[in-house]
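Single-letter residue listing:
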Amino acid sequence: KAGVTQTPRYLIKTRGQQVTLSCSPISGHRSVSWYQQTPGQGLQFLFEYFSETQRNKGNFPGRFSGRQFSNSRSEMNVSTLELGDSALYLCASSGAGGSVNTEAFFGQGTRLTVV
Amino acid sequence: AQSVAQPEDQVNVAEGNPLTVKCTYSVSGNPYLFWYVQYPNRGLQFLLKYITGDNLVKGSYGFEAEFNKSQTSFHLKKPSALVSDSALYFCAVRDRVTGGFKTIFGAGTRLFVKA
């Protein structure tokens, strides 16, 4: 079974630009979550999608948005990029509806650098 | 509100010695606890989880964790450390929230195993 695939792996953007990151979950997984990882803040939860619906959201500004498609693939978008958005963005998928006792399977992440 | 604490930023251990990575948690209901490991430039990998039942949980790569309800702890252990165990370890708690579920990660503990 193929794992979680995130594209692109690396990205360099300029302040003020916008960026879209993509995540393909493990086949059959319908729950997809996104996290931001930085040295100073650790792993911060962005949002979770299940069956094309956002069912949970972290404490991030509205510049951060996401969506999930009918095939469970997910995208996240960051508009008006700031230097502080530089981070490793991780996507994770879960089976069994992503219920409370289900572990997550992570992709390798997208390393975003804002200059 | 749920929270997870990993009191040690770094743990150093000699190869062949036992290792412990500490984690304490705070949840309002039943705890659903997880350990993940992250190798350089990679996403997180699931190691083990506690849902219910035996307090000693066995996981991947020879790791185990001991759930202690009275001390609200879920320490990760391994009887004999390997150099290849050197990585960043995250403890996590998952809980129900309005509309879905949420995973909170600890700040992470960097494990160094010296040959």
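The structure under discussion appears in the preceding block.
Here the structure is a predicted model, which is why all the values come from computation and not from measurement. (Residues numbered from 1 in each chain as written. Chains lettered and ligands numbered in written order. Predicted model: local features only at pLDDT ≥ 70, side-chain atom pairs only at ≥ 80, totals over all residues. Heavy atoms only, no water.)

Asks: I'd like a description of the side chain of Asp 95 of chain B, backed by residues and values.
Replies: Structurally, Asp 95 of chain B can be placed in strand β10 (residues 87–97). Lacking a salt bridge, the buried Asp 95 of chain B has Arg 96 of chain B as its closest oppositely charged neighbour, with an N-O distance of 5.8 Å. Setting aside its immediate chain neighbours within four residues, Asp 95 of chain B contacts Val 100 of chain A together with Gln 2, Ser 28, Gly 100, Phe 101 and Lys 102 of chain B. (Helix = DSSP H or I, 4+ residues; strand = E, 2+ residues; numbered from the N terminus. Buried < 20%, exposed > 50% of the residue type's maximum accessible area, 1.4 Å probe, protein only. Lys, Arg positive; Asp, Glu negative; His and termini not counted. Salt bridge = Lys/Arg side-chain N within 4 Å of Asp/Glu carboxyl O. Contact = heavy atoms within 4.5 Å.)

Asks: Can you break down the packing of aromatic side chains residue by residue, with the values?
Replies: All names here are of chain B. What the rule picks out here adds up to 15 aromatic pairs over all chains. Ring geometry for Tyr 25 versus Phe 67: centroids 6.1 Å apart, planes at 20°, classification stacked. Taken as a pair, Tyr 25 in strand β4 (residues 24–26) and Phe 67 in strand β8 (residues 64–68) lie far apart in primary sequence, 42 residues in all. Judged by centre distance (5.7 Å) and plane angle (55°), the ring pair of Tyr 36 and Phe 105 falls under tilted. (Phe/Tyr/Trp six-rings, centres within 6.5 Å; stacked < 30°, edge-to-face > 60°.)

Asks: Mind laying out the interface of chain A and chain B, listing which residues take part and the relevant values?
Replies: How big an interface is tends to be stated in terms of the accessible area lost upon association of its parts. Contacts between the two partners involve 21 residues from chain A, matched on the other side by 24 residues from chain B. Buried surface at the junction of chain A and chain B, summed over both partners, amounts to about 1900 Å²; 53% is from carbon and sulfur atoms. For chain A, the biggest contributors to the area lost against chain B are Leu 43, Val 100 and Glu 103 of chain A; these three give 30% of the whole. On inspection of chain A and its partner chain B, the count reaches two salt bridges. The residue Arg 94 of chain B makes a salt bridge to Glu 48 of chain A at a minimum N-O spacing of 3.6 Å. At the level of secondary structure, the elements contributing two or more residues to the side of chain A that touches chain B comprise β4 (31–38), β5 (42–50), β6 (53–57) and β9 (87–94) of chain A. Ranked by residue count, the leading element in the side of chain A that touches chain B is β5 of chain A, at three residues. For the side of chain A that touches chain B, the class distribution of residues is eight nonpolar, eight polar and five charged. (Buried area = accessible area lost by both parts, 1.4 Å probe. Nonpolar A, V, L, I, M, F, W, Y, C, P; charged D, E, K, R; others polar.)

Asks: Report on the pairing of β10 of chain B, specifying residues and quantitative values.
Replies: Residue and element names in this part refer to chain B. Burial analysis of β10 places nine of its eleven residues in the buried class, which makes it a mostly covered element. Note: strand β5 (residues 32–38) against β10, seven bridges, orientation antiparallel. Its bridge partner being in β10, Tyr 32 is matched across the sheet by Arg 94. Note that β10 and strand β12 (residues 109–114) share three bridges and pair antiparallel. Paired with Ala 87 across the two strands is Leu 111, which belongs to β12. Note: β10 against strand β11 (residues 100–105), six bridges, orientation antiparallel. Paired with Val 93 across the strands is Ile 104, a residue of β11. (Pairing = 2+ DSSP bridges.)

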